[in-house]
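Here is how the chains run, residue by residue.
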Amino acid sequence: GEAPEGRGEDGCAEAIRVPRFRGNGLGGWSQNGRTRELHYMGPSVLPSPEAYELLGWLLDGSYQALPPSWERRRGAADTAEPGEPTS
């Protein structure tokens, strides 16, 4: 289901003052449209530690994507078989 108006990621991003163009880009919103600001942001959302923890990296403005890396997870099945487990 959809979050109540202004209470999802978009409202949290706005509350911690993430620049709109970054929030639009991350969410796949049009840079020229107003749907996000009219329907998904609300003035009742206040900045919170959780909002900074989830979206604070958008405040920096400098991002770097590192090459993917693999890590073995404890309890993971050691198999080359793709897809969902059958048991």
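(A) Here's a closer look at the overall build of the chain. Broken down by element type, the chain carries four helices and zero strands. Each helix and strand of the chain, ordered N terminal to C terminal, gives the series α-α-α-α. Across the chain, every contact between residues at least 6 apart in sequence was considered, and the portion connecting residues at least 24 apart equals 70%. As displayed, the chain offers around 7,500 Å² of accessible surface, 51% of which is attributable to carbon and sulfur atoms.

(B) Structural detail: the nonpolar core. One finds Ala13, Ile16, Val18, Ala51, Leu55 and Leu58 forming the largest nonpolar core, which totals six residues. Sequence-distant contacts of Leu55, defined by excluding residues within four places in its chain, comprise Glu9, Cys12, Ala13, Ile16 and Val18.

(C) Region of interest: the pattern of salt bridges. Summed over all chains, the structure comprises four salt bridges. Residues Glu14 and Arg20 are paired through a salt bridge, measuring 2.7 Å at the closest nitrogen-oxygen approach. Classification of Glu14 by relative accessible area gives partly exposed; the value is 29%. Using a relative accessible area of 37% as the deciding quantity, one classes Arg20 as partly exposed. For the salt bridge of Glu37 with Arg20, the shortest nitrogen-to-oxygen distance reads 3.2 Å. Of this pair, Glu37 sits in helix α3 (residues 35-39) while Arg20 sits in helix α2 (residues 20-27), placing them 17 residues apart in sequence. Judged by relative accessible area, which is 30%, Glu37 ranks as partly exposed.

(D) Summary view of the packing of aromatic side chains. Enumeration according to the criterion identifies one aromatic pair in this entry. When the ring of Trp29 is compared with that of Tyr40, the centres are 5.2 Å apart and the planes differ by 45°; the resulting orientation is tilted. Placement of Trp29 in the loop between α2 and α3 and of Tyr40 in the loop between α3 and α4 (49-55) is noted, with a sequence separation of eleven residues between them.

(E) Local environment of a nonpolar patch on the surface. Taken together, the side chains of Leu26, Trp57 and Tyr63 define a hydrophobic patch exposed on the protein surface, amounting to about 340 Å² of accessible area. If you trace the backbone, Leu26 turns up in helix α2.

(F) Representation of the side chain of Arg22. Tracing the sequence through the fold places Arg22 in helix α2. Buried and unpaired, Arg22 has Asp60 as its nearest opposite-charge partner, separated by 7.4 Å. Arg22 has contacts with Leu58, Leu59, Asp60, Gly61 and Tyr63, leaving out every residue within four places of it along the chain.

(G) Focus on α2. Buried within α2 we find Arg22, Gly23 and Asn24. Buried residues belonging to α2 abut α3. Looking one or two residues past α2, Gly28 carries a phi angle of roughly 80°, positive in sign.

Parameters at a glance
Residues numbered from 1 in each chain as written. Predicted model: local features only at pLDDT ≥ 70, side-chain atom pairs only at ≥ 80, totals over all residues. Heavy atoms only, no water. Helix = DSSP H or I, 4+ residues; strand = E, 2+ residues; numbered from the N terminus. Contact = heavy atoms within 4.5 Å. Areas by Shrake-Rupley, 256 points an atom, 1.4 Å probe, with all protein chains shown as cover. Core = buried A, V, L, I, M, F, W, Y, C linked by side-chain atoms within 4.5 Å. Buried < 20%, exposed > 50% of the residue type's maximum accessible area, 1.4 Å probe, protein only. Salt bridge = Lys/Arg side-chain N within 4 Å of Asp/Glu carboxyl O. Phe/Tyr/Trp six-rings, centres within 6.5 Å; stacked < 30°, edge-to-face > 60°. Patch = residues over 30% accessible without salt bridge, like charges linked within 9 Å, V, L, I, M, F, W, Y side chains within 5 Å. Lys, Arg positive; Asp, Glu negative; His and termini not counted.

These figures come from the coordinates and say nothing about function on their own.
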